[in-house]
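Take a look at the letters that make up each chain.
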Amino acid sequence: MLLCVISDSHGNAQQVYNIIEYCKQTWGVTHFVHCGDGSSDLLNSIKSNLVDAKHCYAVKGNCDFNILQDELFVEIEKSRILISHGHKYNVKNSLLSLGLRAQELGANLVLFGHTHVPLNIELDGIHYINPGSCKYEKQFELLEIDGNHIHAVHIS
């Protein structure tokens, strides 16, 4: 299963639409995640029927003023995924707090934003993915999830 992860669009809904269309047409992606700060850009894509709501996940960032949750914990293709913007876990300084939360939940994959800097690392059996900011350029993370195997590619 392919999953497109975006973050920090900060109101650039057109960029989010472009990424969604590109992912759908190029790879047949049907699942999308927005890691906050512009999460309503993904919600607007749902409202315009560009994507199916049951295959989309979005969290509230520190610049969002909507009713979304601060974090989500979901299971997709046997991967246990923590989705957070990251600001409440001080991710600009360290992944320690975010990692402790992931361990507490039993997550093997963490998707987050906030730093605007792409990141793809694995620490202590947990994959940490930050797609960077898509506000000014078409950048996102494309994940292939097959059971516990996670392969991520940064697209920009």
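Residues numbered from 1 in each chain as written. Predicted model: local features only at pLDDT ≥ 70, side-chain atom pairs only at ≥ 80, totals over all residues. Heavy atoms only, no water.

Visitor: What is the right way to look at the environment of Ala58 in this model?
Guide: Structurally, Ala58 can be placed in strand E3 (residues 56–58). Look past the residues within four positions of Ala58 in its chain and what remains in contact with it is His34, Ser39, Leu42, Leu68 and Leu72. (Helix = DSSP H or I, 4+ residues; strand = E, 2+ residues; numbered from the N terminus. Contact = heavy atoms within 4.5 Å.)

Visitor: So what exactly am I meant to see when it comes to helix H2 (residues 39–47) here?
Guide: Owing to its 3.6 residues per turn, the α-helix brings residues three or four apart onto one side. For H2, the set of buried residues is Ser39, Asp41, Leu42 and Ser45. Buried positions in H2, seen along its axis, are confined to an arc of 160 degrees and lie on one side of it. Those residues of H2 hidden inside the fold are in contact with helix H1 (13–27), strand E2 (31–34) and E3. Once H2 finishes, Asn49 follows within two positions and takes phi at roughly 60 degrees, a positive value. (Buried < 20%, exposed > 50% of the residue type's maximum accessible area, 1.4 Å probe, protein only. Arc of directions from axis to C-beta.)

Visitor: Just to check I follow, could you spell out the pattern of salt bridges for this structure?
Guide: Proximity of charged atoms lets side chains of opposite charge pair with each other. Evaluation of the coordinates by the stated rule reveals four salt bridges. Glu75 is the partner of Arg80 in a salt bridge, and the nearest nitrogen-oxygen pair spans 3.7 Å. In this structure Glu75 comes out as exposed when scored by relative accessible area, which is 52%. Notably, a salt bridge pairs Glu104 with Arg101, separated by 3.1 Å at the nearest N-O pair. Taken as a pair, Glu104 and Arg101 lie in helix H3 (residues 96–105) at a separation of three residues, close to a single helical turn. Linked by salt bridges that have partners in common, Glu71, Arg101 and Glu104 make up one network. (Salt bridge = Lys/Arg side-chain N within 4 Å of Asp/Glu carboxyl O.)

Visitor: Explain the sheet that holds strand E6 (residues 109–111) to me, please; I cannot follow it from the model alone.
Guide: Hydrogen bonds between backbone groups are what pair the strands of a sheet, and the pairing can be parallel or antiparallel. Here five strands make up an open sheet; going across it, the order is E4-E5-E6-E8-E7 and the pairing mixed. Lying at the two open borders of the sheet, with one neighbouring strand each, are strand E4 (71–76) and strand E7 (119–123). Across the sheet, the mean angle separating the axes of adjacent strands is 20 degrees when strand polarity is ignored. Both E7 and strand E8 (residues 126–130) contribute to a ladder of five bridges, which runs antiparallel. Across the sheet, Asn120 pairs through a bridge with Ile129, a residue of E8. (Pairing = 2+ DSSP bridges. Axes fitted to C-alpha atoms, helices over the stretch in contact; angles between N-to-C directions.)

Visitor: Where do I start with the state of the cysteines in this structure?
Guide: Disulfides are covalent bonds that connect the sulfur atoms of two cysteines. This structure, assessed with the given rule, holds zero disulfides. Sulfur of Cys35: no disulfide; nearest cysteine sulfur belongs to Cys4 and is 10 Å away. Free of any disulfide, Cys134 has its nearest cysteine sulfur in Cys4, 8.5 Å distant. (Disulfide = S-S within 2.5 Å.)

By themselves these figures say nothing about function.
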